[in-house]
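# Examination of the molecular architecture
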Amino acid sequence: MSLTHAQEIEFKEAFALFDPTNSGTIQPQAFTNFLALLNNPELASKVTLPTQPLDFKAFTALLANNHKGAETSDEAYVAFFKSINKDGSGNVSAAELRSSLQHFGNSALSEADVDEIVHEADVSGDGRVCIEEFLKIMQKSEKKLRGEHIV
């Protein structure tokens with residue numbers, strides 16, 4: 001199975017969200033939570049839930065074989081945003097975003113990285129981040145990871 005560079009980046013980002021200790025494995029329950037966040041019943045019905053921790057290679061194999069027609073990264077970001085937007089208002093506080101990024105992100109995210117993401121995402125400067133602001137910053141981050149020129 002061969003992944004495109006974009007798929008590899010996408011899978012690494014997804015894996016990192018559920019490997020907060022950067023141990024190189026995710027627990028079966030974390031994988032189940034990942035599938036729930038995707039909100040893709042067709043994919044969830046095709047994937048056999050693991051009983052042992054998954055390393056990145058096993059995680060990729062499970063998803064790549066079933067990824068055809070799966071969501072775009074924007075859909076994954078929307079699902080993540082909705083998971084931290086508990087009141088459904090469409091806005092999260094910068095503090096909530098910071099806490100979620102630190103909780104779900106891997107240890108490669110420094111405090112300065114999180115500060116930069118929160119600062120850039122809070123375009124209006126009101127201490128709240130709306131879904132549109134969040135998507136813009138995540139798309140920008142994705143382009144940066146792919147080495148694309150950012151304007």
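Everything quoted here is computed from the prediction, not taken from an experiment. Within each chain, residue numbers correspond to sequence positions counted from 1 in written order. Since the coordinates come from a predicted model, pLDDT governs what is reported: local features require at least 70, and pairs of side-chain atoms require 80 or more to be given and counted, while whole-chain, interface and lining totals use all residues. Note that water and hydrogens are dropped before the side-chain values are worked out from all heavy atoms of the structure.

### Concerning the overall build of the protein
Condition: Here a helix means four or more residues in a row that DSSP labels H or I, a strand means two or more in a row labelled E, and each is numbered from the N terminus. The contact criterion used is simple: two residues touch if any of their non-hydrogen atoms lie within 4.5 Å. Computed by Shrake-Rupley with a 1.4 Å probe, the accessible areas treat only the displayed protein chains as cover when residues are assessed.
Within the protein, the secondary structure is distributed over eight helices and four strands. The contacts of the protein with a sequence gap of at least 6 include a subset with a gap of at least 24, amounting to 61%. Of the roughly 8,700 Å² of accessible surface on the protein, 55% is carried by carbon and sulfur atoms.

### Examining the side chain of E133
This is how the line gets drawn: We call a residue buried when its accessible area falls under 20% of the maximum for its residue type, exposed when it is over 50%, and partly exposed in between, using a 1.4 Å probe and counting protein chains only. For the purpose of charge, His is not counted, nor are the chain termini; Lys and Arg are scored as positive and Asp and Glu as negative. Put simply, a salt bridge is a Lys or Arg side-chain nitrogen that is within 4 Å of an Asp or Glu carboxyl oxygen. Any N or O atom pair separated by 3.5 Å or less is treated as a polar contact, with the protein-specific requirement of one donor-capable and one acceptor-capable atom, and with residues adjacent in sequence counted only for side-chain atom pairs.
Note on placement: E133 falls in helix α8 (residues 131-146). Within the buried set, E133 has no salt-bridge partner at all; the shortest N-O distance to an opposite charge, 7.6 Å, is to K136. Within the structure, E133 has its side chain in polar contact with the backbone nitrogen of C130 (distance 3.1 Å). The contacts of E133, once residues within four sequence positions are left out, are A121, D122, V123, S124 and R128.

### Digging into the nonpolar core
Keep this limit in mind: Here, nonpolar core refers to any group of buried Ala, Val, Leu, Ile, Met, Phe, Trp, Tyr and Cys residues whose side-chain atoms link them within 4.5 Å.
Membership of the largest hydrophobic core comes to 15 residues, with the highest contact counts inside it found for V92, L97, V129 and F134. With five residues, the single largest contributor to this core is α8. Among all residues touching V129, those that are not within four sequence positions of it are F81, G90, N91, V92, L97, A121, D122 and F134. Grouped together as the second largest cluster of nonpolar side chains are 13 residues, F15, F34, L35 and L54 included.

### Observations concerning the packing of aromatic side chains
As a reminder of what qualifies: Only Phe, Tyr and Trp rings take part, Trp by its six-membered ring, and two of them pair if their centres are within 6.5 Å. Stacked means planes under 30 degrees apart, edge-to-face means over 60, and tilted covers everything else.
One pass over the full model with this rule turns up four aromatic pairs. On the numbers, 5.3 Å between centres and 70° between planes, the contact of F15 with F59 is edge-to-face. In this pair, F15 sits in helix α1 (residues 5-17) while F59 sits in helix α4 (residues 56-64), placing the two residues 44 residues apart along the sequence. There is no split in this pair, since F15 and F59 are both buried. On the numbers, 5.3 Å between centres and 45° between planes, the contact of F81 with F134 is tilted. Separated by 53 residues along the polypeptide, F81 in helix α5 (residues 73-84) and F134 in helix α8 bring together distant segments of the chain. Classification of F81 by relative accessible area gives buried; the value is 3%. Classification of F134 by relative accessible area gives buried; the value is 1%.

### Regarding the pattern of salt bridges
Scanning the model with the defined rule gives one salt bridge in all. Across the salt bridge formed by E8 and K12, the nearest N and O atoms sit 3.1 Å from each other. In this pair, E8 and K12 are both assigned in helix α1, four residues apart and thus about one turn of the helix distant.

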